[in-house]
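Understanding the architecture of this molecule
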Amino acid sequence: MRLAIYTGIILAGGYAGLTPALAADPTGDWRVADGVANIRVAQCNGSMWGAVSWEKQPGGRDENNPDVSKKNRPTLGMATLIDMKKTAGAEQWEGQVYNAKDGQMYSATITPVGIDQLEIKGCVLGFLCGGETWTRVGPPIPLSASNAMAKGAPKTTGAAPKAATTPPAAAPAPATTAPKNAAVAAKPGQKTATADPVGDICLLPEITGFAH
């Protein structure tokens, strides 16, 4: 049985420039085998977690979830790799994987293969095992205060710096200002930057609220 995890995301191309020292690091963004999804993997509370970080077809919903209360939740930001623990003596992590195509949880392992592939295998009740290989599309994610201690990490919303006081001066010449929330005009042919809609997955409520 081929394990297929729907997340609805694609990030074209690979990530170059990784060194052999990163071969056993499963963190980062990975493109799933069928090219419809990107999963962001990070270490949170001592376990590996993975969540949908970008959708090829935006607006996906977890409609196959057997829990009626979750059928309308967005697939973007949804956890797919659940509380995966390091296997003693091996570069492998064991835990669970959520397959939104059928709304089921499976026992699973993830194993880095070289520097740019992640092998994922899942089984139902110890049999009907299958798997696939994901391709790296983003660099490893360094361990930070938030993804190391997600439950107790304060929100990273820094206060704006205080304005410096200056002596009175003559009124400046009138200047034109853009209205609030106005988009910055891009030069012809220039693409505007898109904010990361997911960010640090360790701060997602589904992961911070996980009961160990």
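Structure: see above.
Please read all numbers here as calculations on a predicted model, not as lab measurements.

Turning our attention to the pattern of salt bridges. What the rule picks out here adds up to seven salt bridges. Where Asp34 meets Lys101, a salt bridge forms, and the shortest distance between an N and an O atom there is 3.5 Å. In this pair, Asp34 sits in the loop between strand E1 (28-31) and strand E2 (37-44) while Lys101 sits in the loop between strand E5 (93-99) and strand E6 (104-113), placing the two residues 67 residues apart along the sequence. Close ionic contact of Asp83 with Lys85 constitutes a salt bridge, the shortest N to O distance being 3.6 Å. When salt bridges with common partners are traced through the structure, they connect Asp29, Arg40 and Asp196 into a single cluster.

Across four bridges, E1 lies against E2 in antiparallel orientation. Each residue of the ladder has a partner; that of Asp29, found in E2, is Arg40. The turn linking E1 back onto E2 is made up of five residues, and Gly35 within it adopts a positive phi angle of 70°. Here E1 runs beside strand E8 (residues 127-136); their pairing, made up of two bridges, is antiparallel. Across the sheet, the residue bridging to Trp30 is Arg136, located in E8.

A few words now on the sheet that holds E2. The eight strands are arranged E1-E2-E3-E4-E5-E6-E7-E8 in a closed barrel whose pairing can be described as antiparallel. Within this sheet the neighbouring strands show an average axis-to-axis angle of 30°, counted without direction. Two elements, E6 and strand E7 (residues 117-124), share seven bridges in a ladder whose sense is antiparallel. Residue pairing in the sheet places Val113 in a bridge with Gln117 of E7.

With that settled, consider the packing of aromatic side chains. Within the structure shown, the criterion is met by one aromatic pair. Each ring, one from Trp49 and one from Phe210, has its centre 4.9 Å from the other, and the planes form 75°; the classification is edge-to-face. Residue Trp49 is found in strand E3 (residues 47-55), and its partner Phe210 is found in the segment after helix H2 (205-208); the two are separated by 161 residues along the sequence. Residue Trp49 is classed as buried on the basis of its relative accessible area of 2%. The class of Phe210 is partly exposed, set by a relative accessible area of 24%. Directly above the aromatic system of Tyr98 lies the positively charged group of Arg73, at a separation of 5.6 Å from the ring centroid. The ring centre of Trp93 lies 5.5 Å from the NZ or CZ of Lys86, which sits over that ring.

Definitions and cut-offs
Residues numbered from 1 in each chain as written. Predicted model: local features only at pLDDT ≥ 70, side-chain atom pairs only at ≥ 80, totals over all residues. Heavy atoms only, no water. Salt bridge = Lys/Arg side-chain N within 4 Å of Asp/Glu carboxyl O. Helix = DSSP H or I, 4+ residues; strand = E, 2+ residues; numbered from the N terminus. Pairing = 2+ DSSP bridges. Axes fitted to C-alpha atoms, helices over the stretch in contact; angles between N-to-C directions. Phe/Tyr/Trp six-rings, centres within 6.5 Å; stacked < 30°, edge-to-face > 60°. Buried < 20%, exposed > 50% of the residue type's maximum accessible area, 1.4 Å probe, protein only. Lys NZ or Arg CZ within 6 Å of the ring centre and 35° of its normal.

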